[in-house]
Amino acid sequence: MKLTYLGVDLGGTQMRMAAVADDGQLVTPMFAVPTGKQFSADDLHQQLQLLHQQVRSVIGDLHIAGIGFGITGLVIGNTLRASDFLPRLDDIDIVALAQDSLGYPAKIENDARCFVLAETRFGAARGARNVVGITLGTGAGGGVIVDGKLLRGAHANAGEIWSIPLRNKWLEHFVSTTGLVQGYKSAGGKMGEMDAAKIAEYARAGDVAAQSAFAAYGADVAMLCETIRALLDPEVIVIGGSIAQAHDLFGDEYKTRIAKLEPRIAWAELGAAAGVIGAASLVTQEL
């Protein structure tokens, strides 16, 4: 019989929850509430109960075996630390709060690690036991699986690719939405409000500045993948996040080049559901 778990993806703009079976399939839709920098422990307590009610409205009395959280920021033990996007949850014991709110056994982990866990168990890296996941979007995140186990490191910093030094800045400065927009404007692109989706649209329409921005972006992601290959030698490097949806504009050339060096480059398969699926996987069986 399939067991059912709750997965929670707690990010800087929204918190999503769904019921997930132990085979990685969503049992319910993903329900969401807004978050933000003012989102507090009291807000988390109240909104967890609200989302839980919405999930229960779909699954009725179906038994829930546990709840997993994927959270943006540094996770040490049961506590969120140094979260730029959820500062009012810093130093809060999320596990204790969740168990108090809903009563289920709970586990938490960094959201990028939940992404790689989901894609390794149920998505683009299925069957591999040595995997690195990269998320490209508002920021840049990463997670590492070695011999089927999440690698956390001595200080919970394993996979924190955003902080790799590059050209006297952090890598995230270049491979984030902000970096892509800056690259576009530096190449002579249009001024005004921009985001990655608009720049991708312009690039596909032949805008030279947009194409140049994506070429520079792709070169930095290629450098990251080659660094990962040299340090960790994974079977698969799986890439997801909102900007990865534009991989046709920056990924094909280096995907072929890096594949010749052994790791397979794979684009994420689980989409927006990866966060909740990976979070639920924290409380299911090992790989």
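All of the points below concern the structure found in this document.

Observations concerning the sheet that holds strand E1 (residues 4-10)
Argument step 1. The strand order across the open sheet formed by 5 strands is E3-E2-E1-E4-E7, and the pairing between neighbours is mixed. Only two strands of the sheet have a single neighbouring strand rather than two, namely strand E3 (31-34) and strand E7 (106-110). When strand polarity is set aside, the average angle formed by the axes of neighbouring strands in this sheet is 20 degrees.
Argument step 2. Of the strand pairs in this sheet, strand E4 (residues 67-71) and E7 are connected by 5 bridges, and their pairing is parallel. Bridge pairing in E7 places Phe69 opposite Ile108.
Argument step 3. Against the sheet, helix H2 (residues 94-102) touches E1, strand E2 (14-21), E4 and E7, its axis set at about 140 degrees to E7.

Remarks on the environment of Gly103
Argument step 1. Counting through the fold element by element, Gly103 comes out in the loop between H2 and E7.
Argument step 2. On the basis of relative accessible area, Gly103 is assigned to the exposed category, the value being 56%.
Argument step 3. Each C-alpha atom of the pair Gly103 and Trp162 lies 35 Å from the other, and the pair is 59 residues apart in sequence.

What about the sheet that holds strand E8 (residues 131-136)?
Argument step 1. Sheet architecture is open: 5 strands sit in the order E10-E9-E8-E13-E14, paired in mixed fashion. Two strands in the sheet have a free side with no partner beyond their single neighbour: strand E10 (149-150) and strand E14 (264-267).
Argument step 2. Examined bridge by bridge, strand E9 (residues 140-146) and E10 share 2 bridges and lie antiparallel to one another. Its bridge partner lying in E10, Ile145 is registered against Leu150.
Argument step 3. Across the sheet, helix H3 (residues 111-122) touches E8, E9, E10 and strand E13 (236-240), and the angle it forms with E9 is around 50 degrees.

Observations regarding the environment of Met191
Argument step 1. You can see Met191 is positioned in the loop between helix H4 (177-186) and helix H5 (196-204).
Argument step 2. Along the backbone, Met191 and Val181 are 10 residues apart, and their C-alpha atoms lie at a distance of 9.8 Å.

Scoring rules and cut-offs
Residues numbered from 1 in each chain as written. Predicted model: local features only at pLDDT ≥ 70, side-chain atom pairs only at ≥ 80, totals over all residues. Heavy atoms only, no water. Pairing = 2+ DSSP bridges. Helix = DSSP H or I, 4+ residues; strand = E, 2+ residues; numbered from the N terminus. Axes fitted to C-alpha atoms, helices over the stretch in contact; angles between N-to-C directions. Contact = heavy atoms within 4.5 Å. Buried < 20%, exposed > 50% of the residue type's maximum accessible area, 1.4 Å probe, protein only.

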